[in-house]
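In case you want the letters, here they are:
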Amino acid sequence: FVVSPFIRALFPENLEAEKRGRPSTASSKIKKQANSLVQTLMKCTPHYIRCIKPNETKRPRDWEENRVRHQVEYLGLRENIRVRRAGYAYRRVFNKFLNRYAILTKETWPRWTGEERQGVMHLLNSVHMDQDQFQLGKTKVFIKAPESLFLLEEMRERKYNGYARVIQKAWRKHIAVRKYVKMREEASDVLLNKKERRRNSINRNFVGDYLGTENHPEIRQFVGRRERIDFADVVVKFDRRFKTTKRDLILTPKFLYLIGREKVKQGPDKGQIQEVLKRKIELNKIQSVSLSTLQDDFFTVHEDEYDSVLQSVFKTEFLSLLVKRYQEKTQKKLPLKFNNLLEFKVKKGGWGPFNSSGSRQIQFQVGQGDEAVLKPSGKVLQVSIGPGLPKNSSKSPTL
């Protein structure tokens, strides 16, 4: 049997050999050649040259900025530039290395006093860099891998961020102190020469939100989502019979809220206590605020429908904010009335002599001590309290 030379050229394998396996295919040859190429490349140190096509016209000095920017971004040149800007050139002179990374340790910041070579060694040891990742020459430090230099750069960035936060914190504290000093001065001017003062009624930090409404969504639900809370505190409210109940008082740039608590009478939550919105007063509908001339904590918010008699130890802070927000809302000054005989309207209720609409009075008189003594009698509430600091006291003495 004679094989044609043409057929033999098509099948170069020795068909007469004892090997009975399948002949190599085109895919197996490609795979073998690719593996051989990879092995050859792994033995080398490759260098890449990236070419950028600046235009489609093939003319000199024709530069399309968007095209070049797109190529720079997708060729990874940004990362290479970041490496070069970070100082990765495989080697760096000792003094330049010290100047750049001196902030990493207290011994090298702001200046290293010893030998430069020892300073470089101290910095490298402080970041726990492996010994095989760097080498010290006579005047330069040699770094093997870019990841090692990135470690130095990241720690340097963290240090600068930490110092920046310290500066920001100090500046915010300074601004806050100035803000609260101004608030205390404004609060002092509101009651200056009009009302006796309590000790430490002004010389204290103004907090504003004494309820922590951010952590109490059951209270925050009554306020608008984007509404800022300027003041929030638990106050004491007096009803038509001068009985006291606690209310959450919240002041925003537009409204004054009074939130109470009631027991659920029916439904799946029967018997549980839940928050209820008692009053929501628009600031521009407030007619005036009445106070006595003594050092008590009473104040009455007058409104067209009925008035609210409240008591709060933070009345000075609240009134200063209310006056400011009222003026911003109405472009007018909030009327503040000072008298030791205050009259207020009550809400119309049910049946009985004390439940009808009308007015009540609060009579203030000088007594003993710093705590108010209350004596209700019919439609009049008598409040006696000891003398406080003079009315012209702009700042209370610290204890």
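Whatever comes next refers back to the structure up there.
Computed from a prediction, not measured in an experiment: that's the story for all the values here.

Novice: Explain the overall build of the chain to me, and be specific about the residues and the numbers.
Specialist: A count of helices and strands for the chain gives nine helices and 15 strands. Put simply, the chain has 399 residues, and 34% of those count as buried. In the chain, the share of contacts with a sequence separation of at least 24, taken over all contacts with a separation of at least 6, comes to 50%. Only carbon and sulfur atoms are counted for the fraction: they give 51% of the accessible area of the chain, which is about 27600 Å².

Novice: Any details on the packing of aromatic side chains? Residues and values, ideally.
Specialist: Tallied over the full model, the rule gives nine aromatic pairs. With a centroid separation of 4.9 Å and an interplanar angle of 55°, the aromatic rings of phenylalanine 97 and tyrosine 101 are classed as tilted. Taken as a pair, phenylalanine 97 and tyrosine 101 lie in helix 5 (residues 94–101) at a separation of four residues, close to a single helical turn. Residue tyrosine 101 is classed as buried on the basis of its relative accessible area, which comes to 2%. Note on phenylalanine 231 and phenylalanine 318: the rings are 5.5 Å apart at their centroids and 55° apart in plane angle, and the pair reads as tilted. In this pair, phenylalanine 231 is assigned in strand 4 (residues 231–238) and phenylalanine 318 in helix 9 (residues 315–330), connecting sequence segments 87 residues apart. A connected cluster of aromatic rings, assembled from ring pairs, spans Tyr210, Phe231, Phe299, Phe314 and Phe318. Between arginine 279 and the ring centre of tyrosine 306, over which it is positioned, the NZ or CZ distance is 3.8 Å. The lysine or arginine in question, lysine 280, covers the ring of phenylalanine 255, its NZ or CZ lying 4.4 Å from the ring centre.

Novice: Could you give an account of the sheet that holds strand 13 (residues 358–366), naming the residues involved and the relevant values?
Specialist: Across the sheet, which stays open at both edges, the four strands sit in the order 12-13-15-14 with mixed pairing between neighbours. Strand pairing shows two members of the sheet lacking a second neighbour, strand 12 (341–346) and strand 14 (373–377), which therefore form its edges. Across the sheet, the axes of successive neighbouring strands diverge by a mean angle of 20°, strand direction being ignored. Inspection of the sheet shows strand 13 paired to strand 15 (residues 380–385) by six bridges, in the parallel sense. Of the residues in strand 15, the one forming a bridge with glutamine 365 is serine 384.

Reading the values: the criteria
Residues numbered from 1 in each chain as written. Predicted model: local features only at pLDDT ≥ 70, side-chain atom pairs only at ≥ 80, totals over all residues. Heavy atoms only, no water. Helix = DSSP H or I, 4+ residues; strand = E, 2+ residues; numbered from the N terminus. Buried < 20%, exposed > 50% of the residue type's maximum accessible area, 1.4 Å probe, protein only. Contact = heavy atoms within 4.5 Å. Areas by Shrake-Rupley, 256 points an atom, 1.4 Å probe, with all protein chains shown as cover. Phe/Tyr/Trp six-rings, centres within 6.5 Å; stacked < 30°, edge-to-face > 60°. Lys NZ or Arg CZ within 6 Å of the ring centre and 35° of its normal. Pairing = 2+ DSSP bridges. Axes fitted to C-alpha atoms, helices over the stretch in contact; angles between N-to-C directions.

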